[in-house]
Amino acid sequence: MNRKSYLGLLLAMLLMVMAVLPSLAQDDVVIGMVLVGPQNDRGWSQAHFEGGEYAAEQLGAELLVFESLNPADAPETTLRDVVSEFVDQGASIIFTTSDDFKQETHEVAGDFPDVKFVHVSGDGVLTGDAPDNVSNIMGKM
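Residue indices follow the written sequence of each chain, beginning from 1 at its first position. Given that the model is predicted, a residue must reach a pLDDT of at least 70 before its local features are reported, and side-chain atom pairs must reach 80 or more before they are shown or counted; all residues, however, enter totals for whole chains, interfaces and linings. By convention in this description, side-chain values take in all heavy atoms of the structure and omit both hydrogens and water.

(A) Seen up close, the nonpolar core. Nine residue types can take part in a nonpolar core, namely buried Ala, Val, Leu, Ile, Met, Phe, Trp, Tyr and Cys, and a core is a set of them joined through side-chain atoms within 4.5 Å. The rule is simple: take the accessible area with a 1.4 Å probe, protein chains only, and divide by the maximum for that residue type; under 20% is buried, over 50% is exposed, in between is partly exposed. Formed by 19 residues in total, the largest nonpolar core has its most connected members in V34, L69, V83, F86, I94 and F117. Secondary structure elements are taken from DSSP: a helix is a run of H or I of four residues or more, a strand is a run of E of two residues or more, and numbering for both begins at the N terminus. At the level of elements, strand 1 (30-34), helix 3 (79-88) and helix 4 (102-111) are the ones that each hand at least two residues to this core. The element best represented in this core is helix 3, accounting for 4 residues. Any two residues having at least one pair of non-hydrogen atoms within 4.5 Å are treated as being in contact. Contact partners of V83, with chain neighbours within four places excluded, come to I94, V108, F112 and F117. V29, I93, F95 and V120 belong to the second-largest nonpolar core, a separate cluster that totals 12 residues.

Take a look at the structure:
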């Protein structure tokens with residue numbers, strides 16, 4: 001990923017967090033991030049991880065990360081399991097960073113209406129399929 005794309009993704013993530021931050025109305029912001037691959041994959045997941053770290057640092061927030069949520073690496077773990085754990089730890093905004101998470105993100109968001117979800121690479125908001133507490137973002141490829 002070139003430097004310009006990386007910086008664009010960082011800025012987009014920071015702006016998304018800042019956009020929903022006022023509606024969270026709590027002192028300690030906890031951000032959850034679900035990665036489809038390892039946080040050091042030198043690509044997609046690493047860019048999201050580093051963007052999340054940067055945004056959390058700038059906002060003084062705590063970042064919770066679950067990496068490699070996919071059938072090959074975590075066959076027994078579901079997005080619902082991860083989100084439940086994040087919410088139990090205080091997460092008020094959760095990023096799901098794969099198109100593969102679209103359906104589950106929408107289902108889980110319905111169960112946690114007070115949590116904001118940002119589905120990266122999804123189109124549920126555009127198509128009108130996403131619950132009210134789900135947003136979409138996609139950086140320039």
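Let's pick the thread back up.
(B) Region of the structure containing the pattern of salt bridges. One side-chain nitrogen of Lys or Arg within 4 Å of one carboxyl oxygen of Asp or Glu is enough to make a salt bridge. Counted by the stated rule, this structure contains 2 salt bridges. The residue R80 makes a salt bridge to D111 at a minimum N-O spacing of 2.2 Å. Within this pair, whereas R80 is found in helix 3, its partner D111 is found in helix 4, the two being separated by 31 residues in sequence. On the accessibility criterion, R80 (35% relative accessible area) is partly exposed. Relative accessible area serves as the criterion here: at 45%, D111 is assigned to the partly exposed category. Across the pair D123 and K102 runs a salt bridge whose closest N-O atoms are separated by 2.5 Å. Highlighted residues: D123 in the loop between strand 4 (116-120) and helix 5 (124-127) and K102 in helix 4, separated in sequence by 21 residues. On the basis of relative accessibility, which here comes to 32%, the residue D123 falls in the partly exposed class. Among the residues examined, K102 registers a relative accessible area of 22% and is labelled partly exposed.

(C) Structural context of the sheet that holds strand 2 (residues 62-66). Reading across from one edge, 2-1-3-4-5 is the order of the 5 strands in this open sheet, with parallel pairing throughout. Only two strands of the sheet have a single partner each, and these edge strands are strand 2 and strand 5 (134-137). Between one strand axis and the next, the sheet turns by 20 degrees as a mean value, whatever way the strands run. Angles shown run from 0 to 180 degrees and are taken between the N-to-C directions of axes, each axis being a line fitted to C-alpha atoms and, for helices, limited to the stretch in contact. Seen against the sheet, helix 4 touches strand 3 (93-96), strand 4 and strand 5 and runs at an angle of roughly 175 degrees to strand 4. At least two DSSP bridges between two strands are required for those strands to pair.

(D) Broad picture of the pairing of strand 1. With 5 of 5 residues buried, strand 1 lies mostly within the body of the structure. Side chains V30, G32 and V34 of strand 1 all project onto a buried face; the interleaved residues I31 and M33 project onto the opposite face, where all are buried too. Relative to strand 2, strand 1 is paired through 5 bridges, and the arrangement is parallel. Its bridge partner being in strand 2, G32 is matched across the sheet by L64. The parallel pair strand 1 and strand 2, bridged by helix 2 (residues 44-59), forms a crossover whose chirality is right-handed. Bridge analysis of strand 1 against strand 3 gives 4 bridges, and the strand direction is parallel. Across the sheet, the residue bridging to G32 is I94, located in strand 3. Consider the strands pointing away from the viewer: the crossover is right-handed when the path from the first strand over the helix to the second runs clockwise.

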